[in-house]
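Residue-level listing of the chains:
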Amino acid sequence: MKQIRGVIFDLDGTLIDSMWVWEAIDQEFLGRYGYEVPEGLGRAIEGMSFTETAQYFDSHFELPLSVEEIKTCWNEMAYEKYCHEVMLKKGVKSFLERLAGQNIPMGIATSNSRNLVEQVIANRGIAGYFSSIATACEVKAGKPAPDIYRKVAEDLGVESKYCLVFEDVPAGILAGKAAGMQVCAVEDTFSRDLKEEKIRLADYYITDYDELESGRGGHPLAGVLDMQ
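Residues numbered from 1 in each chain as written. Predicted model: local features only at pLDDT ≥ 70, side-chain atom pairs only at ≥ 80, totals over all residues. Heavy atoms only, no water.

> Would you take a moment to explain the overall build of the protein for this structure?
A tally of regular secondary structure across the protein gives 10 helices and 8 strands. A compact globule built from 228 residues should have a C-alpha radius of gyration of about 17 Å, and the protein, at 17 Å, falls within 12% of that. Viewed in the frame of its principal axes, the protein has a C-alpha envelope of about 55 × 35 × 30 Å. Sorting the 228 residues of the protein into buried and exposed places 56% on the buried side. Just so you have it, the protein exposes about 10,100 Å², and 47% of that area is on carbon and sulfur atoms. (Helix = DSSP H or I, 4+ residues; strand = E, 2+ residues; numbered from the N terminus. Rg over C-alpha atoms; globule rule 2.2 N^0.38 Å. Buried < 20%, exposed > 50% of the residue type's maximum accessible area, 1.4 Å probe, protein only. Areas by Shrake-Rupley, 256 points an atom, 1.4 Å probe, with all protein chains shown as cover.)

If you want it as structure tokens, here you go:
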């Protein structure tokens, strides 16, 4: 186990409990144009950047909107929920405080839009913990490509092999591993049926961040962090 010198988080389903928002938006958005959400849509767009997802919708559904208009619409539909209803996952704040106390730099690597990312982390009081925030729209390819994780590691000034990633879906786990990083999978209701796949792909698995409390014991990653 290599020493952890930087920690990078996915956002949705990892730091915040927000995947329910996008299920509702998919239903409402497609319903406006006479479509039901097709089976397997979530897995098909898993890990895609905000732009890639809009391009997917543009190519798979007959919509009277451009890709940029689709993105604008999604931002408007999600904004109030991200401001007032989306909450942090259990134990996130105390875990971030612990990492900050150990002077471990932290970043966010997300497929979401920058507007929503900045809004929710500001409203939940965690924006100050992150030295780098990157969206998949800012790199060549979204997850499972490693581009976004490599970018954030570079921003943090930490070699990939010394980075620990937290992710909630297989595409994100694969992105972190492809970047040469250690990955901890995070349990989320949205991806509960993928639990065994996530455990198989990742180096670690947690149900919540309280498992990693210093001195609580039991979880192997908690011991690693205690040695930093």
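> Teacher, can you tell me more about the pairing of strand S5 (residues 132-135) here?
Looking along a regular strand, one sees the side chains alternate between the two faces of the sheet. Residues Ser132 and Ala134 point to one face of S5 and Ile133 and Thr135 to the other, with burial holding for every one of them. Sheet topology note: the strand S4 (residues 106-110)/S5 ladder contains 4 bridges and is parallel. Bridging across to S5, glycine 107 finds its partner in serine 132. Since S4 and S5 lie parallel, the crossover through helix H6 (residues 114-123) that links them has a hand, and here it is right-handed. (Pairing = 2+ DSSP bridges. Right-handed = clockwise from strand over helix to strand, strands pointing away.)

> Can you help me understand the sheet that holds strand S8 (residues 204-206) in this one?
Through backbone hydrogen bonds, the strands of a sheet pair up, either in parallel or in antiparallel fashion. Pairing in this open sheet of 6 strands is parallel, and the strands run S5-S4-S1-S6-S7-S8 from one edge to the other. Edge positions in the open sheet fall to S5 and S8, since each of these has one partner strand only. When the angles between neighbouring strand axes are averaged without regard to direction, this sheet yields 20 degrees. Two strands pair when backbone bridges link them, and strand S1 (residues 6-9) and S4 are joined in this way by 3 bridges, in the parallel orientation. By the bridge assignment for S4, isoleucine 8 is matched with glycine 107. With respect to the sheet, helix H7 (residues 147-156) is in contact with S1, S4, S5 and strand S6 (163-167), its orientation differing from that of S4 by roughly 160 degrees. In the packing of helix H8 (residues 170-178) onto the sheet, the strands contacted are S6 and strand S7 (182-186), and the crossing angle to S7 comes to about 165 degrees. (Axes fitted to C-alpha atoms, helices over the stretch in contact; angles between N-to-C directions. Contact = heavy atoms within 4.5 Å.)

> Got a minute to help me understand the state of the cysteines in this structure?
Covalent bonding between the sulfur atoms of two cysteines is what defines a disulfide. A complete count under the given rule lists 0 disulfides for this structure. Among the cysteines around cysteine 137, which has no disulfide bond, cysteine 73 carries the closest sulfur, lying 16 Å off. Look at cysteine 137 and you get partly exposed, because its relative accessible area is 36%. A disulfide-free cysteine, cysteine 184 has its sulfur positioned 15 Å from the sulfur of cysteine 163, the nearest such atom. (Disulfide = S-S within 2.5 Å.)

> Please clarify how the nonpolar core should be interpreted in this entry.
The tendency in soluble globular proteins is for nonpolar side chains to be buried as a group. Phe9, Phe29, Phe57, Trp74, Phe130 and Phe166 are the most contacted members of the largest nonpolar core, which has 52 residues in total. Apart from the residues within four sequence positions on either side, phenylalanine 57 is in contact with Asp26, Phe29, Leu30, Leu41, Ile45, Leu63 and Trp74. Counting 23 residues, the second-largest nonpolar core is a separate cluster that includes Cys163, Ile173, Ala179 and Ala202. (Core = buried A, V, L, I, M, F, W, Y, C linked by side-chain atoms within 4.5 Å.)

> Looking at this structure, how should I read the packing of aromatic side chains?
How two aromatic rings sit relative to each other is set out by the distance from centre to centre and by the angle between their planes. All chains considered together, the criterion is met by 16 aromatic pairs. Here the aromatic rings of phenylalanine 9 and phenylalanine 166 are separated by 5.2 Å at their centres, their planes lie at 15 degrees, and the arrangement is stacked. With phenylalanine 9 in strand S1 and phenylalanine 166 in strand S6, the pair connects residues that are 157 residues apart, well separated along the chain. Among the residues examined, phenylalanine 166 registers a relative accessible area of 0% and is labelled buried. With centroids separated by 6.3 Å and ring planes inclined at 55 degrees, the aromatic side chains of phenylalanine 9 and tyrosine 209 adopt a geometry described as tilted. Here tyrosine 209 lies in the loop between S8 and helix H10 (220-226) and phenylalanine 9 lies in strand S1, a separation of 200 residues in the sequence. The class for phenylalanine 9 is buried, based on a relative accessible area of 0%. An aromatic cluster of three or more residues is present, and its members are Trp22, Phe29, Tyr33, Tyr35, Phe50, Phe57, Phe61, Trp74 and Tyr82. (Phe/Tyr/Trp six-rings, centres within 6.5 Å; stacked < 30°, edge-to-face > 60°.)

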